[in-house]
Amino acid sequence: MADELEKKFEYDTTVQIIEDQVKAILDQKVYDAKEVHVWSSEIVKRVLKQLHKQNKPFKYVVTCVIMQKNGAGLHTASTCYWDTKADGSCSYDYHSNKTMHAICTVFALHI
Amino acid sequence: MADKDPNAYQDVDEDDEGADLQPTYQLGPLSGEKFMQHEVREVLKEVMNGKLKDMQYDDSKVKQMSLDISDEAKTKIRALGYKRYKIIIQTVMGQVKDQGAYVTSRCLWDVQKDNYASYWFKNDSLFCVCMVFGLYLE
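Residues numbered from 1 in each chain as written. Chains lettered and ligands numbered in written order. Predicted model: local features only at pLDDT ≥ 70, side-chain atom pairs only at ≥ 80, totals over all residues. Heavy atoms only, no water.

As recorded in an unreviewed UniProt entry, chain B goes by Dynein light chain and comes from Lotharella globosa. Its UniProt record, at the heading Sequence similarities (unreviewed entry), says of chain B: "Belongs to the dynein light chain Tctex-type family." (UniProt positions renumbered as here; feature names shortened; annotations may be inferred.)

Where an unreviewed UniProt entry is consulted, chain A appears under the name Dynein light chain, with the organism given as Lotharella globosa.

Enquirer: How should I be thinking about the overall build of chain A in this particular structure?
Expert: A tally of helices and strands in chain A yields 3 helices and 4 strands. Element order for chain A, N to C, with α for helix and β for strand: α-α-α-β-β-β-β. Sorting the 111 residues of chain A into buried and exposed places 47% on the buried side. In chain A, once contacts between residues fewer than 6 apart in sequence are set aside, the share between residues at least 24 apart is 69%. Total accessible area computed for chain A in this model is approximately 5800 Å², and 50% of it derives from carbon and sulfur atoms. Side-chain charges of chain A comprise 14 positive and 14 negative groups, with the mean position of each set lying 5 Å from the other. (Helix = DSSP H or I, 4+ residues; strand = E, 2+ residues; numbered from the N terminus. Buried < 20%, exposed > 50% of the residue type's maximum accessible area, 1.4 Å probe, protein only. Contact = heavy atoms within 4.5 Å. Areas by Shrake-Rupley, 256 points an atom, 1.4 Å probe, with all protein chains shown as cover. Lys, Arg positive; Asp, Glu negative; His and termini not counted. Charge placed at Lys NZ, Arg CZ, Asp CG, Glu CD.)

Enquirer: What is the right way to read the packing of aromatic side chains from this model?
Expert: Given two aromatic rings, their pairing is described by the distance between the two centres and the angle made by the two planes. All names here are of chain B. Considering all chains together, one arrives at 7 aromatic pairs over all chains under this definition. Centroid distance phenylalanine 35 to tyrosine 82: 5.3 Å. Interplanar angle 35°. Geometry classified as tilted. Here the residue phenylalanine 35 occupies a position in the segment before α1 (37-52), and tyrosine 82 occupies one in the loop between α2 (59-79) and β1 (85-95), the gap between them amounting to 47 residues. There is no split in this pair, since phenylalanine 35 and tyrosine 82 are both buried. Between tyrosine 85 and tyrosine 136 the ring centres are 5.4 Å apart and the planes differ by 70°, which places this aromatic pair in the edge-to-face class. One end of the pair, tyrosine 85, is in strand β1; the other, tyrosine 136, is in strand β4 (residues 126-136), with 51 residues separating them in the sequence. The class for tyrosine 85 is buried, based on a relative accessible area of 2%. (Phe/Tyr/Trp six-rings, centres within 6.5 Å; stacked < 30°, edge-to-face > 60°.)

Enquirer: What exactly am I supposed to notice about the interface of chain A and chain B here?
Expert: By a widely used convention, the size of an interface equals the accessible area lost when the partners come together. Of the residues lining the interface, 39 residues belong to chain A; the matching set on chain B comes to 45 residues. Carbon and sulfur atoms make up 57% of the surface buried where chain A meets chain B, a total of about 3600 Å² over both sides. Of the charged contacts in the structure, one is a salt bridge between Asp114(B) and Lys59(A), with a shortest N-O distance of 2.9 Å. Scanning the region where chain A abuts chain B turns up 21 residue pairs in polar contact (both at pLDDT 80 or more). Sorting the residues of the side of chain A that touches chain B by element identifies α3 (36-53), β1 (58-68), β2 (74-81) and β4 (100-110) of chain A as the ones contributing at least two each. Among the elements that line the side of chain A that touches chain B, the one with the most residues is β1(A), at 10 residues. Broken down by class, the residue content of the side of chain A that touches chain B amounts to 20 nonpolar, 15 polar and 4 charged. Pairing analysis gives 8 bridges linking β1(A) to strand β2 (residues 101-108) of chain B, with the strands arranged antiparallel. Note on β2(B): the bridge partner recorded for Val65(A) is Val103(B). (Buried area = accessible area lost by both parts, 1.4 Å probe. Salt bridge = Lys/Arg side-chain N within 4 Å of Asp/Glu carboxyl O. Polar contact = N/O pair within 3.5 Å; in protein donor to acceptor, adjacent residues only side chain to side chain. Nonpolar A, V, L, I, M, F, W, Y, C, P; charged D, E, K, R; others polar. Pairing = 2+ DSSP bridges.)

Enquirer: When you look at unusual backbone geometry in this model, what are you seeing that I'm missing?
Expert: Leave glycine aside and you will find that most residues have negative phi; peptide bonds, for their part, are mostly trans. Residues and elements named next belong to chain B. Unusually for a residue other than glycine, arginine 84 sits at a positive phi of about 60°. In this model, aspartate 98 sits at a positive phi of 60°, which is unusual for a non-glycine residue. Along the polypeptide, aspartate 98 turns up in the loop between β1 and β2.

Enquirer: Explain α3(A) to me, please; I cannot follow it from the model alone.
Expert: Residue and element names in this part refer to chain A. If you check α3, its first and last C-alpha atoms are 26 Å apart, about what 18 residues at 1.5 Å a residue would give, namely 26 Å. Within the span of α3, buried status applies to Val36, Trp39, Ser40, Ile43, Val44, Val47, Leu48 and Leu51. Along α3, the residues classed as buried sweep out an arc of 155° about the axis, all on the same side. Turned more than 90 degrees off the buried face of α3, the exposed positions are Lys49 and Lys53. (Expected span 1.5 Å × (residues − 1). Arc of directions from axis to C-beta.)

Enquirer: Would you mind showing me how to read the side chain of Lys86(B) here?
Expert: Relative to the helices and strands, Lys86(B) is located in strand β1. A polar atom in the side chain of Lys86(B) sits 2.8 Å from the side chain of Asp87(A). Ignoring sequence-local partners within four residues, the contact set of Lys86(B) consists of Tyr81(A), Trp82(A), Asp83(A), Asp87(A), Leu109(A), His110(A), Phe133(B), Gly134(B), Leu135(B) and Leu137(B).

Enquirer: How should I be thinking about the nonpolar core in this particular structure?
Expert: Core analysis: the largest hydrophobic core is formed by 28 residues, its most contacted members being Ile18(A), Val22(A), Leu26(A), Ile43(A), Val62(A) and Ile66(A). Element by element, the count of residues in this core is highest for α3(A), at 7 residues. Residue contacts for Leu26(A): discarding those within four places in its chain leaves Trp39(A), Ile43(A), Ile66(A), Tyr94(A), Asn97(A), Met100(A) and Ala102(A). Counting 27 residues, the second-largest nonpolar core is a separate cluster that includes Ala73(B), Ile77(B), Ile89(B) and Cys130(B). (Core = buried A, V, L, I, M, F, W, Y, C linked by side-chain atoms within 4.5 Å.)

Set out below in structure tokens:
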């Protein structure tokens, strides 16, 4: 039984992790082209660290897109060839900042 | 990719097809089967240049176009014949309007067996970044 629970990807806890890290780094900040690479690396590093702390038998891919708010449109799409029972992905869209958008996606693949 | 070469090392469980894979007791991909970054990048280049060459950013069409690019890339990459690899493709498309944008990714995986490939395309009205991650299934 414990095996069954461990096998599935947990959407809710993962979204919460992403939301916490993105907000911690980007809240109150203004888009700065010189700092953005630092922020996006930090977000991705921290999310990965939190996911790793959960100690689950998963491989992770974390991506982050940060774009300045300029009226321009942005779309993200993903397709995956994997085990639909055990693997999963989740995405968080951060838009409460006045100067930038951020989209962070986590893909988790069961080993 | 020919997979019935009688001289090559063949595994006992040879009928695995699609996602229902049995354990092979192999620890890693065989020498000819490792995820090749340059090969996948060429496929991405071909797909994106073909689909986006003269396209203008149009909000109603971009959504379907990003899904089409992801699907076509997935079909072509699967046709390259990487056995036991799970494939993830992410496509980001945006309008060009003098704004700054940054795309980052980081992964927790097996450095010797897993790999990624990416390609970006830009014209006067849109930009598109496509990332492909290949992860070995033990």
